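# Notes for the structure review
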Amino acid sequence: MTWHRPLAAVALLVGLTACGGSDDKPKTDGPLETYPDKAVVCLQQPADGLLTLGVEVTKNTSDRKLTITSIRLTDTKGMKLLGTKVMLIPDSSDQTLVGARNGWPPKLDAAEADVQSAFDKAPKGNDATVPGGHTRTVSFIAGVKTKAGATAGPLRVRYTDDDGHRYVWQGTTSYRTSAKPCDG
């Protein structure tokens, strides 16, 4: 049988669709929600290049438990991901976020004992679970090794719900480092 180019393209498209084409992509309208405002965080480049990025929060707006399958930085230049954590913060807590700061793990002081305890207890990003029920604020935390002038887009988190539906959440905060102190 001789394949003609248009017929071969149709056969390839049908084959890809049958094997899980575009319907298999993670949905972006999942139960993790965050503020829509975009921001850029600038950090002065530390001598060792180690930084913690933990400024964004989200909530699980469903009653279903979610399982994190990956946490990544997008559009990185001069920035390497070293590790991730998922920190759950009760709404009734006075805890603050880890924030963006030097070190990985972050260098917290004695006045931040609650934050340190929550960070220490936080599971690693992959395979962490986020309970349902709207009761917890979730902070995704990334440890990175950077070079001066490094940049990264927002965090991208892939996750599933109890029914196996796949989703992707993308933060709204980008990051950059500077050899000099950052303005604003």
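Analysis parameters
Counting restarts for each chain: residues are numbered from 1 in the order of the written sequence. Where local features are concerned, this predicted model is filtered to residues with pLDDT of at least 70; where side-chain atom pairs are given and counted, the filter is 80 or more; whole-chain, interface and lining totals use all residues. Working from all heavy atoms in the structure, the side-chain values ignore hydrogens and water. Comment: elements are numbered from the N terminus, with helices defined as DSSP H or I runs of at least four residues and strands as E runs of at least two. Whether a residue is buried, partly exposed or exposed follows from its accessible area with a 1.4 Å probe, protein chains only, as a fraction of its type maximum: under 20%, in between, or over 50%, in that order. The criterion used for residue contact is that any of the two residues' heavy atoms lie within 4.5 Å. Defined by distance alone, a disulfide is two cysteine sulfur atoms within 2.5 Å. By salt bridge we mean one thing: a side-chain nitrogen of Lys or Arg within 4 Å of a carboxyl oxygen of Asp or Glu. Here, nonpolar core means buried Ala, Val, Leu, Ile, Met, Phe, Trp, Tyr and Cys residues that are tied together by side-chain atoms lying within 4.5 Å of each other. What the arc covers is the set of directions going from the helix axis to the C-beta atoms. pLDDT expresses, on a scale from 0 to 100, how confident the predictor is about each individual residue. When DSSP finds two or more bridges between a pair of strands, those strands are recorded as paired. Within 6.5 Å between ring centres, the rings of Phe, Tyr and Trp (the latter by its six-membered ring) count as paired, and their orientation is classed by plane angle as stacked under 30 degrees, edge-to-face over 60, tilted in between. In our convention, an over-ring charge means Lys NZ or Arg CZ found within 6 Å of a ring centre and within 35 degrees of that ring's normal. Polar contacts, as counted here, are pairs of nitrogen or oxygen atoms within 3.5 Å of one another; within protein the pair requires one atom able to donate a hydrogen and one able to accept it, and residues that are adjacent in sequence qualify only if both atoms are side-chain atoms.

### A word on the overall build of the protein chain
Along its length, the protein chain carries two helices and twelve strands. By residue count, 39% of the 184 residues in the protein chain fall in the buried class. Counting contacts in the protein chain only where the partners sit at least 6 residues apart, residues at least 24 apart contribute 80% of the total.

### Some details on the state of the cysteines
Evaluation of the coordinates by the stated rule reveals one disulfide. Residue pairing for Cys42: its cysteine sulfur links by disulfide to Cys182, the two sulfurs lying 1.9 Å apart. With the S-S bond torsion at -55°, the cross-link from Cys42 to Cys182 turns out left-handed. Of this pair, Cys42 sits in strand β2 (residues 39-44) while Cys182 sits in the segment after β12 (173-178), placing them 140 residues apart in sequence.

### A word on the pattern of salt bridges
The full count for this structure, using the stated rule, is two salt bridges. Among the ionic pairs, Glu112 bridges to Arg101, the shortest N-O distance being 2.8 Å. Within this pair, whereas Glu112 is found in the loop between β7 (99-102) and α2 (113-121), its partner Arg101 is found in strand β7, the two being separated by eleven residues in sequence. Overall, Arg101 belongs to the buried group, its relative accessible area being 18%.

### So, the nonpolar core
Ile68, Leu73, Met79, Val86, Phe140 and Tyr159 are the most contacted members of the largest nonpolar core, which totals 24 residues. Per element, the largest residue contribution to this core is six residues, and it comes from strand β9 (residues 136-152). Counting nine residues, the second largest nonpolar core, distinct from the first, contains Met87, Ile89, Val98 and Leu108.

### Structural notes on α2
Those residues of α2 not exposed but buried are Val115, Ala118 and Phe119. What you see down the axis of α2 is that its buried residues fit within an arc of 100°, all on one side. Summarising the geometry of α2, the exposed residues directed more than 90 degrees from the buried face are Asp120 and Lys121.

### What to know about the confidence of the model for the protein chain
The predicted model of the protein chain averages 83 in pLDDT, with 82% of residues at 70 or higher. Contacts for the low-pLDDT stretch residues 1-22, under 50 throughout, to residues beyond four places or in other chains number three contacts.

### Notes on the sheet that holds strand β8 (residues 129-130)
Read across the open sheet, the four strands follow the order β8-β5-β10-β11; overall the sheet is antiparallel. For this open sheet the edge positions go to β8 and β11 (166-170), each flanked by a neighbour on one side alone. Pairing analysis gives two bridges linking strand β5 (residues 66-73) to β8, with the strands arranged antiparallel. Within β8, the residue paired with Leu66 across the bridge is Val130.

### Thoughts on the pairing of strand β10 (residues 155-161)
Taken residue by residue, a regular strand's side chains alternate between the two faces of the sheet. Counting buried residues in β10 gives five out of seven residues, a clear majority hidden from the surface. In this structure, β5 lies alongside β10, joined through seven bridges in antiparallel fashion. Residue pairing in the sheet places Arg72 in a bridge with Arg156 of β10. Two strands pair when backbone bridges link them, and β10 and β11 are joined in this way by five bridges, in the antiparallel orientation.

### Looking at the packing of aromatic side chains
As enumerated under the stated definition, the model contains three aromatic pairs in all. Consider the rings of Tyr159 and Tyr167, whose centres lie 5.4 Å apart with planes at 25°: the pair is stacked. Summarising the burial analysis for this pair, Tyr159 and Tyr167 share the class buried. The ring of Phe119 has Lys85 lying over it, and the distance from NZ or CZ to the ring centre is 4.7 Å.

### So, the side chain of Arg101
Separated by 2.8 Å, the side chain of Arg101 and the backbone oxygen of Val98 make a polar contact. Polar contacts involving the side chain of Arg101 include one to the main-chain carbonyl oxygen of Lys107, which spans 3.3 Å. Look past the residues within four positions of Arg101 in its chain and what remains in contact with it is Leu43, Leu51, Thr52, Pro106, Lys107, Leu108 and Glu112.

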